[in-house]
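Observations on the model geometry
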Amino acid sequence: MLPILAGRAAGLLASSSQAVAGFSAIAAREFAHHSHGTDLKAALAEAIPAEQARLKALKKAHGAKELSKVTVDMAIGGMRGIPGILWETSLLDPEEGIRFRGHSIPELQAKLPKAKEQPLPEGLLWLLLTGHIPTAAQAKAVTEELRARSAMPPHVVKVLEALPEGTHPMTQFSTLVMALQRDSKFAGAYAKGTHKSKYWEPVYEDSLDLIAKLPQIAAMIYRRTYKGGKYIAPNPTLDWAANLSHMMGYDSEGAYELSRLYQTIHSDHEGGNVSAHTTHLVGSALSDPYLSFAAGLNGLAGPLHGLANQEVLVWLQALVAKLGEAPSREALEAYVTDTLAHGKVVPGYGHAVLRKTDPRYTCQREFALKYLPEYPLFKLVAALYEVVPAVLLRTGKVKNPWPNVDAHSGVLLQYYGIREANFYTVLFGVSRALGVLSQGVWSRALGLPIERPKSVTMGVLEGMYGKAH
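For the structure given in this document, a descriptive report is provided here.

Rules used throughout
- Residues numbered from 1 in each chain as written.
- Predicted model: local features only at pLDDT ≥ 70, side-chain atom pairs only at ≥ 80, totals over all residues.
- Heavy atoms only, no water.
- Core = buried A, V, L, I, M, F, W, Y, C linked by side-chain atoms within 4.5 Å.
- Buried < 20%, exposed > 50% of the residue type's maximum accessible area, 1.4 Å probe, protein only.
- Helix = DSSP H or I, 4+ residues; strand = E, 2+ residues; numbered from the N terminus.
- Contact = heavy atoms within 4.5 Å.
- Pairing = 2+ DSSP bridges.
- 1 Å grid on protein atoms, 1.4 Å probe; cavity = no way out; pocket = protein on both sides within 12 Å on 5 of 7 lines; lining within 4 Å.
- Points joined across faces, edges and corners; volume = space filled by probe spheres on them.
- Salt bridge = Lys/Arg side-chain N within 4 Å of Asp/Glu carboxyl O.
- Patch = residues over 30% accessible without salt bridge, like charges linked within 9 Å, V, L, I, M, F, W, Y side chains within 5 Å.
- Areas by Shrake-Rupley, 256 points an atom, 1.4 Å probe, with all protein chains shown as cover.

Looking now at the nonpolar core. Among soluble globular proteins, nonpolar side chains are generally buried collectively. Ranked by size, the top nonpolar core spans 113 residues in total, and within it Phe173, Val177, Met248, Phe293, Leu316 and Leu384 carry the most contacts. Per-element tally for this core: the top contributor is helix α10 (residues 200-226), with 14 residues. Excluding residues within four positions of it along the chain, leucine 316 makes contact with Leu377, Leu380, Val381, Leu384 and Val411.

Below you can see the structure in the form of structure tokens.
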């Protein structure tokens, strides 16, 4: 049924491709039969008992077995590569990229229900929560459910308008999510003594309520910060992602399609990244989805996590200012080499886990080829794709010279008029809610405990292995 392996898979199996193959086979076999109803919560409830039994059996049979060895480098290097989180909704493979419930991005683009050509994020939400690809009717039902839950409490608007001018969009975002917490159903249920076997139900309610309101929250932040506070009401005929674009003020079909694509591909990237792990960690203390997601957003706001596409754009703009919009291959090679010589990185290239071109980059490139093939900034990004990997490989220090998701997303947003780079992380955060909140529901359904890893001091390490000279 749902895959149990999560965290960084290095050292866990002989090949992470084997893990992905197993992931896909399990997903295909176990979810071949599923309910054809359109009630998302009922479909989720139907899937939970078997997964609870599965985890119990796994723990009984293999609980004492070793997952991997931990080196000193791993302990002091951000715990990179240590498998220590159970994360059901996605798994990252170094060769194939992210898989959502066993499905690659190209597979999702082919299988998920669509409004036009891009998958609907509502269909992805059904997949993340239930483990199977929805029908068009099921995806439409999610759209309708989110619409029914989307009404914005008046006090949230008051909180937004009370914030000082110049407040960063991510600070506004986190603050408004916290303002919604007043109405948490999980907090209320916990206070009333709800049995732990039922925790997942109010967590589900909170998660759907929060996801439903995120497009309007993001759009209000955008309009207040950049458009003089002139809000745009939601359009009841539009899907979740298209409504985000509409409420921001962008109503072309291309902008709608970009919003659907963007919100789908940024939704989840297994459990070890900062925003996912933070949401998971805080949720493990039984903090409700509003508290845990706000914590994840504050992690996402960090420049080493959620600001990468903004940094790509700044770097591209500096390149254009120096070389023009259509520099020669030789000029690009020299510019990239000079960037590295000054101790800087080329933003948008490389990834902590991936060892090939990020499929999220590839699908954005395909989108650009269809909708904006002559856009100068896209042509520049395409030219860099032909230059940067070879330059990075020549250094002998780079394991992955290929572009990641951030190398392209800012360019697409720029083309459709969303030029305020400080806002880009808010769009990322709206999408990331789909993955981390879905996993939060499953964490409570599976009864996962509070996180409490062990820390060590340098003295402990020196005592174990001797002082270094």
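Taken together, 3 strands build an open sheet; the order of strands is β1-β2-β3 and the sheet is antiparallel. Pairing within the sheet leaves two strands with one partner each, and these edge strands are β1 (90-93) and β3 (103-104). Relative to β3, strand β2 (residues 97-100) is paired through 2 bridges, and the arrangement is antiparallel. In the sheet register, arginine 99 faces β3, and the bridge partner there is serine 104.

Moving on, we come to empty space enclosed by the protein. It is a probe the size of a water molecule, rolled over the atoms, that shows where empty space is left. Tallied over the full model, the rule gives 4 cavities of 30 Å³ or more. Taken together, 20 residues line the largest cavity, and the ones lying closest to its centre are Thr279, Gly283, Ser292, Gly440 and Arg444. Secondary structure elements with two or more residues in the lining of the largest cavity: α10, α13 (274-284), α14 (289-300) and α20 (424-445). At 7 residues, the largest contribution of residues to the lining of the largest cavity is made by α20. Space inside the second largest cavity adds up to approximately 80 Å³. Lining of the second largest cavity is provided by Leu244, Ser245, Met248, Ala255, Leu258, Ser259, Tyr262, Gln263, Leu413, Ile418 and Leu427.

The next subject is the pattern of salt bridges. Enumeration according to the criterion identifies 18 salt bridges in this entry. With its nearest N and O atoms 3.4 Å apart, the salt bridge here joins arginine 54 to glutamate 51. Residue arginine 54 and its partner glutamate 51 are both found in helix α2 (residues 40-62); the two are separated by 3 residues, about one turn of the helix. Where arginine 99 meets glutamate 96, a salt bridge forms, and the shortest distance between an N and an O atom there is 2.5 Å. Exposure remark for arginine 99: the relative accessible area of 8% places this residue in the buried category. Its relative accessible area of 35% is what places glutamate 96 among the partly exposed residues. What emerges from the salt-bridge pattern is a single network uniting Lys41, Glu145, Arg149, Lys185, Lys198, Glu201, Glu205 and Asp209.

What follows covers a nonpolar patch on the surface. A surface patch of nonpolar side chains, amounting to about 580 Å² of accessible area, comprises Val72, Ile76, Val456, Val460, Met464 and Tyr465. Elements that contribute at least two residues to the nonpolar patch include exactly α3 (72-76) and α21 (458-465). Broken down by element, the residue count for the nonpolar patch peaks at 3 residues, all from α21. Along the chain, isoleucine 76 falls in helix α3.

Attention now moves to the pairing of β1. Neither face of β1 is exposed, since Ser90 and Leu92 on one face and Leu91 and Asp93 on the opposite face are all buried. The pairing of β1 with β2 spans 4 bridges and is antiparallel. Paired with aspartate 93 across the strands is glycine 97, a residue of β2. Counted along the chain from β1 to the antiparallel partner β2, the turn is 3 residues long.

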